[in-house]
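As a plain string of letters, each chain reads:
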Amino acid sequence: MYLSRLTINPRSRDAQRDLSDIYRMHQRVMSAFPDLGGSGGARAGMAVLYRLEADRSSGATMLLVQSGMKPNWTSLPESYLAPANTGEDNPATKCIAPALENLRQGQVLQFRLRANPTRKVDTKSGPDGRRRNGRRVALGTETQQVKWLTRKGGQNGFHLVSVQPGSDVPAVKVSALEKHRGNGRFRTLTVASVLFEGVLRIDDVDKFRGAIGTGIGPSKSFGCGLMSVAPCREAP
């Protein structure tokens, strides 16, 4: 498993177009990987997830890309990336497999996750008796969003740590809901996402590693689902 960190040049017109269209950004990320003949499962097959975020020290826009195979970023347009600082690489890619192997049950970790918390509606059976697939609608309140993440944690081998012993208030911050749009070949898409930041404890390390690799929640092709973790400085 690999993690790439790219600092984007805000003056690049190509980058500006990608940042304003989630379809374009998806295509840009996937350009670093082999063309599998237009297979719809290419992203999942190569375990590609990504997240856009601002560098907290410089304010620069960073693109984080996690993948099951090492990417090749040489196809990026000229000046797409910001000039690298002395002693740093841009893009920078590292193998994170050893870090994932070192995860242990019961370990407490800080995490960051941009996700698309949703629920399905219109799933009742139609006149023909077949159950409809339904459509996803965004969960709009912080309470709903945290409940969604709590449920996902139960499915993926972790739980949110409480702010203090005996409390049922999880140690997690939730950003304001953001809407990201894209113009695809056949439709226009809007994805609503939030950034979760908090503290979790691993309950089932195999399930948790699986969740890190495959992503959490829907809209994984459009910048959601990538969970980053780090050791917790002060374990609750």
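Rules and cut-offs
Residues numbered from 1 in each chain as written. Predicted model: local features only at pLDDT ≥ 70, side-chain atom pairs only at ≥ 80, totals over all residues. Heavy atoms only, no water. Core = buried A, V, L, I, M, F, W, Y, C linked by side-chain atoms within 4.5 Å. Buried < 20%, exposed > 50% of the residue type's maximum accessible area, 1.4 Å probe, protein only. Pairing = 2+ DSSP bridges. Helix = DSSP H or I, 4+ residues; strand = E, 2+ residues; numbered from the N terminus. Salt bridge = Lys/Arg side-chain N within 4 Å of Asp/Glu carboxyl O. Polar contact = N/O pair within 3.5 Å; in protein donor to acceptor, adjacent residues only side chain to side chain. Contact = heavy atoms within 4.5 Å.

Is there a simple way to think about the nonpolar core in this case?
It is characteristic of soluble globular proteins that their nonpolar side chains tend to be buried jointly. Counting residues in each nonpolar core, the largest one holds 25 residues, and the members touching the most others are Phe111, Leu149, Phe196, Phe208 and Met227. Membership of the second largest hydrophobic core comes to 18 residues, among which are Phe33, Met46, Val65 and Leu81.

Would you explain the pairing of strand 10 (residues 178-183) in this entry?
Residues in a regular strand point their side chains to alternate faces of the sheet. When strand 10 meets strand 11 (residues 188-202), the two strands line up antiparallel, connected through six bridges. Bridging from a neighbouring strand, Gly182 pairs with Leu189 of strand 11. What sits between strand 10 and strand 11 in their antiparallel hairpin is a turn of four residues.

Would you mind going over the pattern of salt bridges with me for this structure?
Opposite charge on two side chains permits pairing when their charged atoms draw close. All chains considered together, the criterion is met by nine salt bridges. A salt bridge links Asp18 to Arg24, with the shortest nitrogen-to-oxygen separation between them at 3.3 Å. Measuring nitrogen to oxygen at the nearest pair gives 3.4 Å for the salt bridge that ties Arg209 to Asp206. Linking Arg209 with Asp206, this pair stays in helix 6 (residues 205-214), spanning three residues, or about one helical turn.

Any chance you could explain the side chain of Arg114 here in plain terms?
On the secondary structure map, Arg114 appears in strand 5 (residues 108-115). Engagement of the side chain of Arg114 in a polar contact is seen with the side chain of Ser193, the distance being 2.8 Å. In this structure Arg114 touches Arg51, Leu52, Glu178, His180, Ser193, Val194, Leu195, Gly223, Cys224, Gly225 and Leu226, once residues within four positions along its chain are discounted.

How should unusual backbone geometry be read in this particular structure?
If a residue is not glycine, its phi is most likely negative; likewise, a peptide bond is most likely trans. In this structure, Pro91 follows Asn90 across a cis peptide bond, with omega equal to 5 degrees. Within the element layout of this structure, Pro91 appears in the loop between strand 3 (61-67) and strand 4 (92-95). Of note in this structure, Ser79 is not a glycine but carries a positive phi near 70 degrees. You can see Ser79 is positioned in the loop between strand 3 and strand 4. Here Ser219, not a glycine, exhibits a phi torsion of approximately 65 degrees, which is positive. Counting through the fold element by element, Ser219 comes out in the loop between helix 6 and strand 12 (227-231).

When you look at the environment of Arg187 in this model, what are you seeing that I'm missing?
Considering the arrangement of structural elements, one finds Arg187 in the loop between strand 10 and strand 11. Excluding anything up to four places from it in sequence, Arg187 contacts Tyr23 and Gly182. At a separation of 3.5 Å, a polar atom in the side chain of Arg187 contacts the side chain of Tyr23.

Explain helix 6 here, please?
One turn of the α-helix equals 3.6 residues, which is why residues spaced by three or four share an orientation. Within helix 6, the full set of buried residues consists of Val205, Phe208, Arg209, Ala211, Ile212 and Gly213. Here helix 6 starts with a cap whose side-chain oxygen sits 3.2 Å from the backbone nitrogen of Asp206, and that cap is Asp204. Count one or two residues on from helix 6 and you reach Gly215, which has phi positive near 90 degrees.

I keep staring at the side chain of Asp55 and nothing clicks. Help me out?
With respect to the element layout, Asp55 can be found in the loop between strand 2 (49-54) and strand 3. Within the structure, Asp55 has its side chain in polar contact with the backbone nitrogen of Ser58 (distance 2.9 Å). When residues no more than four places from it in sequence are discounted, the contact partners of Asp55 are Arg5, Ala60 and Met62.

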